[in-house]
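Given next are the chains, with one letter for each unit.
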Amino acid sequence: MGCSGCSTGRGCSTASPSLPGGCKNNGSCGTGGCNKLSVFDWLANMELPSGQAPFDIVEVRFKNSRKDFFRNTNKEQINVGDVLAVEATSGHDIGVVSLSGELVRLQMKKRNVKLDSEEIKKIYRKARVSDIEKWQEAQKLEHATMYRARTFAVKLNLQMKISDVEYQGDRTKAIFYYTAEERVDFRELIKVLADEFKVRIEMKQIGARQEAGRLGSIGSCGRELCCSTWLTDFRSVSTSAARYQQLSLNPLKLAGQCGKLKCCLNYELDSYMDALKDIPDVNNVKLETQKGRAFHQKTDIFKHIMFFSYTTEPDNFIQLSVERVKEIIAMNVEGNKPEDLAEKVVYTKPVEKKHDYENVVGQDSLTRFDKSKKKKNNNNKRRNGPPNANRQAGAPNANKPNVNANPNQNPNQNKQGQNQNRPNPNQTKPNPNQNKPNPNNNRPRPNNNRPRPNNNTNEPKKD
């Protein structure tokens, strides 16, 4: 996770010629920051009032979560991500600017560091290429030095665990971070390490949570550890926090990477404590009823629901509201017992609601965009029939229908005039073979002298 500069320990770089490479994002990393405990400068886009000089103290980050404040005595233009050579106890150290501007003033106030404190060291200069190369060579020796120091601690039978080593930027000093449950006499170990690595040795004891924060890892939630990304205030976590949240006291699930209880158990503890104020404490109280004695099983805190069971039926969970539990407790204090735990519910017949299934989800008609067909107005059209002989040109009522017409008149009578000019479909079409000569005219005709039957109906019929 992070930028391309993380592999070299350089962090997010600016377009500085002293530090080539990096992600060129001017300190505003889109992945949450290349460094641990990165800070978002929400005042970076705000301009200072005219005539006010920028704040002359910056926050510099070193390996892992070690940070310190340094004064810009040379009044140089320093941005987040610049690599600086700063003053150290002996020699100089190399670090990356993690915060600058007015937000540093708020960070110093939060950490109770005075602006005129003599403990604030000064900035020498922006790191040169030679300074950065020497710093990177020292970082490559840290893992080998840590494993070698662990070997010496085992030979001296010291009950300690060396978890990390940090070289100073000028490679003249090394800080060994270790964890131990008891006090350790490491004077002999310092002599051995000084002779072996030829540097000044400093031993610093840290806790289990600080060790996890320096090493970093992925928690059970699938994200980076809180102690290695943003958490700086390590508060004590007790098992009572798990009890209030009704979590199973399983050390395998409640313990973090450091072996201690997870810090996230304290995140929602205040919300649970506020919700438990309205719920009676019935862990040591049993409800007395005429049916029998009932004991508490579990509680749904945010739904204000409690579950009880009779001593004779421990597997039968009865759901009760918090109000009902308070009512039974008040009755027991007065010496009364309800019939049972169940609440008296007055049954009311629900009103049947008719559903309109034609338009349940508010859909419109599918044909709402179709164009409606307009009806033809035949009253104003002139008919194709013969002209009315009685119609006079220019008469005002010439085009109006006769309202005095006989209603019993056949409507087909008025249509006769309309059909005169129309072609008759039943009219015989002209024969195309009419003018052609008939080939049968030259054939002999049959004898027509045969007697014809008498069709006179007055003559009697023959038997």
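Owing to the predicted nature of the structure, the values given are computational and were not obtained by experimental measurement.

Enquirer: Any details on the pairing of strand β10 (residues 293-300)? Residues and values, ideally.
Expert: Here strand β9 (residues 287-288) runs beside β10; their pairing, made up of two bridges, is antiparallel. The residue bridging E288 from the neighbouring strand is R293, located in β10. Here β9 folds back onto β10 in antiparallel fashion, the turn holding four residues, of which G292 has a positive phi close to 155°. Here six bridges tie β10 to strand β11 (residues 305-310), and the two strands are oriented antiparallel to one another. The residue bridging K298 from the neighbouring strand is F307, located in β11.

Enquirer: Help me get a handle on the sheet that holds β9, residues and values and all.
Expert: Sheet architecture is open: four strands sit in the order β9-β10-β11-β12, paired in antiparallel fashion. For this open sheet the edge positions go to β9 and β12 (313-321), each flanked by a neighbour on one side alone. Contacting β9, β11 and β12, helix α10 (residues 322-333) crosses the sheet at an angle of about 105° to β12.

Enquirer: For the sheet that holds strand β7 (residues 173-179), give the residues involved together with the corresponding values.
Expert: The strand order β6-β7-β8 describes an open sheet built from three strands, whose pairing is mixed. Strands with a single pairing partner mark the edges of an open sheet, and in this sheet they are β6 (161-167) and β8 (200-205). The sheet shows a mean angle of 25° between the axes of neighbouring strands, taken without regard to direction. With six bridges joining them, β6 and β7 adopt antiparallel strand pairing. Within the sheet, the bridge partner assigned to E166 lies in β7 and is I175. Lying over the sheet, helix α4 (residues 187-197) contacts β6, β7 and β8, oriented at roughly 135° with respect to β8.

Enquirer: Give me the lowdown on the nonpolar core, citing residues and values where you can.
Expert: Core analysis: the biggest nonpolar cluster contains 22 residues, and M160, I162, F176, L189, L193 and M203 have the highest contact counts within it. Among the elements of the structure, α3 (142-155), β6, β7, α4 and β8 are those that each provide at least two residues to this core. At four residues, α3 tops the list of elements feeding residues into this core. When neighbours within four sequence positions are excluded, L189 is seen to be in contact with A149, F152, A153, L156, L158, M160, I162 and M203. In terms of nonpolar packing, the next biggest core, distinct from the first, is built from 16 residues, A294, M306, F308 and V322 among them.

Enquirer: Lay out helix α1 (residues 102-110) with the relevant residues and their values.
Expert: Burial in α1 covers these residues: L103, V104, Q107 and M108. Burial along α1 is one-sided: seen end-on, the buried residues are contained in an arc of 145°. Looking at the packing, one finds that the buried side of α1 touches β1 (57-61), β2 (67-71) and β4 (92-99). Just downstream of α1, N112 is the residue with a positive phi angle, here 60°.

Enquirer: Outline the pairing of β6, listing residues and values.
Expert: The element β6 is largely enclosed, with a buried count of six among its seven residues. Where β6 folds back on β7, the antiparallel hairpin that results is connected by five residues, among which R171 adopts a positive phi of roughly 65°.

Enquirer: How would you sum up α10? Please name residues and give values.
Expert: Side chains three or four residues apart in an α-helix point the same way, a direct result of the helix having 3.6 residues per turn. For α10, which comprises 12 residues, the first-to-last C-alpha distance of 17 Å matches the rise-based estimate of 16 Å (1.5 Å per residue) to within 8%. Among the residues making up α10, those that are buried are V322, R324, V325 and I328. An end-on view of α10 places all buried positions within 160° of arc, on one side of the element. Summarising the geometry of α10, the exposed residues directed more than 90 degrees from the buried face are E323 and V333. Each element contacted by the buried residues of α10 is listed here: β9, β11 and β12. In the stretch just after α10, G335 is the one whose phi turns positive, near 90°.

Enquirer: Now, about the packing of aromatic side chains: what can you tell me, with residues and values included?
Expert: As enumerated under the stated definition, the model contains four aromatic pairs in all. Ring centres of W230 and Y267 lie 6.0 Å apart, and the angle between their planes is 40°; this geometry places the pair in the tilted category. You can see W230 sitting in the loop between α6 (226-229) and α7 (239-244) and its partner Y267 sitting in the loop between α8 (251-254) and α9 (269-275), a full 37 residues away along the chain. Y267 gets classed as partly exposed once you look at its relative accessible area, which sits at 40%. Here the guanidinium or amino end of R214 rests over the ring plane of Y177, the centre of that ring lying 3.7 Å away.

Enquirer: Account for the packing of α3 against α4, naming residues and giving values.
Expert: Direction vectors running N to C along α3 and α4 enclose 140°, while the axes themselves pass 10 Å from each other. By the criterion of interaxial angle, the relationship of α3 to α4 is oblique. For the element pair α3 and α4, the recorded crossing hand is right-handed. Two secondary-structure elements touch here, α3 through T145, R148, A149, F152 and A153 and α4 through L189, V192, L193, E196 and F197. Within the contact of α3 with α4, the residues separate by chemical class into seven nonpolar, one polar and two charged.

Enquirer: Explain the pattern of salt bridges to me, and be specific about the residues and the numbers.
Expert: Any two side chains of opposite charge can pair, on the condition that their charged atoms come close. Counted according to the given criterion, the structure contains 20 salt bridges. For the salt bridge of R66 with D93, the shortest nitrogen-to-oxygen distance reads 3.2 Å. Of this pair, R66 sits in the loop between β1 and β2 while D93 sits in strand β4, placing them 27 residues apart in sequence.

Enquirer: With reference to specific residues and values, describe the environment of E196.
Expert: When you line up the elements, E196 lands in helix α4. Remark: the alpha-carbon pair of E196 and R148, spanning 48 residues in sequence, is separated by 9.3 Å. In contact with E196, other than residues within four places in its own chain, are R148 and F152.

Conventions adopted
- Residues numbered from 1 in each chain as written.
- Predicted model: local features only at pLDDT ≥ 70, side-chain atom pairs only at ≥ 80, totals over all residues.
- Heavy atoms only, no water.
- Pairing = 2+ DSSP bridges.
- Helix = DSSP H or I, 4+ residues; strand = E, 2+ residues; numbered from the N terminus.
- Contact = heavy atoms within 4.5 Å.
- Axes fitted to C-alpha atoms, helices over the stretch in contact; angles between N-to-C directions.
- Core = buried A, V, L, I, M, F, W, Y, C linked by side-chain atoms within 4.5 Å.
- Buried < 20%, exposed > 50% of the residue type's maximum accessible area, 1.4 Å probe, protein only.
- Arc of directions from axis to C-beta.
- Expected span 1.5 Å × (residues − 1).
- Phe/Tyr/Trp six-rings, centres within 6.5 Å; stacked < 30°, edge-to-face > 60°.
- Lys NZ or Arg CZ within 6 Å of the ring centre and 35° of its normal.
- Parallel < 35°, antiparallel > 145°, perpendicular 65-115°, else oblique.
- Left-handed = near helix turned anticlockwise from the far one by under 90°.
- Nonpolar A, V, L, I, M, F, W, Y, C, P; charged D, E, K, R; others polar.
- Salt bridge = Lys/Arg side-chain N within 4 Å of Asp/Glu carboxyl O.

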